[in-house]
Structure formats: C-alpha cells, structure tokens
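Structural features, examined
The chain contents come next:
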Amino acid sequence: TGVKEIVLTGVNIGDFGSGTDENFLQLIQQLDKLTGDVERFRVSSIEPNLLSDDIIRFCASSNRFVPHFHIPLQSGSDLMLSKMRRRYDSALYRSRIETIKEVMPRACIGVDVIVGHPGETEEEFLKTYAFLNELPISYLHVFTYSERPNTKAIREKDAIVPVQERKKRNKMLTILSEKKKRAFYEPFAGTTQSVLFEHENKNGFTFGYTDNYLRVRAPFDASLSGEIITTE
C-alpha cells in the first residue's frame, strides 16, 4: 500500500514464537526478505534479555532494519531490578548497549526508566542516574511510579517514596535525557541523511525521521509526505 516503514512493537516482542519452533530472530530474517514498498523495519521496546547479540548483529548487517533500538531498563540499580522482578541486571544491559554501539556506531538507543518505585532510596536512584550518564544512549522515556491496587509494591508502605521526591527524580532524568539527545544529534549537524517525511502540516513545516531516529524539520511540501528523501 506504499508504506515505507513498519515498527515492530508490543509486549515482550522478543518472546515471539515462544512455545513453537519459531523465534524473533527468524521473524526479522524473513521480514528482511520481503519484496515491496517497505524500506525500513524498526525494532521498538525489546527487553535486554530478549535482545540477543545475534539479533543485534543481524540488524547491523541488514539493509532494511534500521540502527535504532528502544530497550527498557527501568532502573540502573540491581537491587531495584530485583524488586521489580526484571529478568536482567545492569551488567547484561550494559553489554547489550556496548554490542550495539560496536556494530552500529551511529545507532540511536532509547531507554525506559521508572523513578520512585517503593524501596528506591536516594542512593539507589543515584546509581540509576550514574549508570545512565555513563552509557552511550540517545534519549530517555522517564516514568514516575504510581500506586496500583493489588500489587506487591503497594504493600511496601514503609518503603514508599514521597510524591515530591518522585517528581524531583523525574526532573533530574528528564534533564539528563535532553543532554543525551543533544549530544547524540550534534555529530550529525550538516550531514546528508535519508529522511522519511510525515503527512502533517505543522505551521508550515513538516517533520520526518532518519533511519537512526533523528527528527528533521523542513518547509511543508505535500510531495514529500510518505517519501524517503536524501537531504541535509
């Protein structure tokens, strides 16, 4: 139908094929062979324990899978990851990021992180901040913990983080995210990139994204909509 890019997303997409003789790597290998208009596939929101080195290296060698991953972290503290019942630790996460940057130096890497989970002391939060500050990531999606009925976390009343403290931690990571994004964008200033432009006219401008998720603005031109254009 003329669609140029498809984003693979969902809950635990790396578990695709679980219980069958198929797996996520096989899925993306088959997608890469498709003929037609689709020029880009983007992998979004895949947990580090499900993002194998084989998947990363395949995406690096593919002509269609773009150098962009969104990888949930939630916390840089192994204590908090255990409390959240995550299936990975900070060492595995760091390893995945390093592998991506090794084989795809220009890759964009987005991260989900939660602040204020019960039991997150100032010390544990600062571990998360330091961990993220060290990593060559590109941007953060910062979420503030909020109580949910019938969860184990809400029963930890003595470990509840005050709401104002949660907001402060969110602001700190939001500022860090802006710094990371700026540092990621700066080396590409003045370069030539291929941009897939969107359809919307926003006050005379249109926006689009490069394969590695740089957001680009240009004067609105209806003929650009849905097209991949090489531009500076």
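A brief report on the enclosed structure follows.

What follows is about the nonpolar core. Phe65, Ile100, Leu132 and Leu173 are the most contacted members of the largest nonpolar core, which totals 37 residues. Among residues more than four places away in sequence, those in contact with Leu173 are Val113, Val115, Phe125, Tyr129, Leu132, Leu140 and Val142.

Burial in helix α1 (residues 24–31) covers these residues: Phe24, Ile28 and Leu31. Around the axis of α1, the buried residues are gathered within 60° of arc, so they sit on the same side. Residues of α1 that are buried sit in contact with β1 (5–8), β2 (40–43), α2 (53–61) and β3 (65–74). The backbone nitrogen of Leu25 has a side-chain oxygen 3.1 Å away, supplied by the residue at the start of α1, namely Asn23.

Within a beta sheet, neighbouring strands are joined by backbone hydrogen bonds and run either parallel or antiparallel to one another. Spatial ordering of the open sheet is given by β1-β2-β3-β4-β5, a layout of five strands whose pairing is parallel. The open sheet is flanked by β1 and β5 (139–144), the only strands paired with a single partner. Mean inter-strand twist for the sheet, computed between neighbouring axes without regard to direction, equals 15°. The sheet contact formed by β2 and β3 spans two bridges and is parallel. What sits directly across from Val43, in β3, is Phe69. The sheet strands contacting helix α4 (residues 90–103) are β3 and β4 (108–115), and the helix crosses β3 at an angle near 165°.

Bringing the pairing of β4 into the picture now. Counting buried residues in β4 gives eight out of eight residues, a clear majority hidden from the surface. Alternating residues of β4 divide into Cys108, Gly110, Asp112 and Ile114 and Ile109, Val111, Val113 and Val115, and every residue in both groups is buried. With six bridges connecting them, β3 and β4 associate as parallel partners. Paired with His68 across the two strands is Cys108, which belongs to β4. Inspection of the sheet shows β4 paired to β5 by six bridges, in the parallel sense.

Here we come to the packing of aromatic side chains. When we look at a pair of aromatic rings, we describe it by the centre distance and by the angle of the planes. With the rule as written, the count across this model stands at seven aromatic pairs. Where Tyr139 meets Tyr213, the ring centres are 6.0 Å apart and the plane angle is 35°; that geometry is what we call tilted. On the criterion of sequence distance, the pair formed by Tyr139 in strand β5 and Tyr213 in the loop between β7 (205–210) and β8 (215–219) is long-range, its members being 74 residues apart. One aromatic cluster is present, formed by Phe41, Phe58 and Phe65 through successive ring pairs. The ring of Phe207 carries Arg215 above its face, with NZ or CZ at 4.0 Å from the centroid. Seen from the ring of Phe205, Arg217 lies directly overhead, with NZ or CZ sitting 3.9 Å from the centre.

How each quantity is defined
- Residues numbered from 1 in each chain as written.
- Predicted model: local features only at pLDDT ≥ 70, side-chain atom pairs only at ≥ 80, totals over all residues.
- Heavy atoms only, no water.
- Core = buried A, V, L, I, M, F, W, Y, C linked by side-chain atoms within 4.5 Å.
- Buried < 20%, exposed > 50% of the residue type's maximum accessible area, 1.4 Å probe, protein only.
- Contact = heavy atoms within 4.5 Å.
- Helix = DSSP H or I, 4+ residues; strand = E, 2+ residues; numbered from the N terminus.
- Arc of directions from axis to C-beta.
- Polar contact = N/O pair within 3.5 Å; in protein donor to acceptor, adjacent residues only side chain to side chain.
- Pairing = 2+ DSSP bridges.
- Axes fitted to C-alpha atoms, helices over the stretch in contact; angles between N-to-C directions.
- Phe/Tyr/Trp six-rings, centres within 6.5 Å; stacked < 30°, edge-to-face > 60°.
- Lys NZ or Arg CZ within 6 Å of the ring centre and 35° of its normal.

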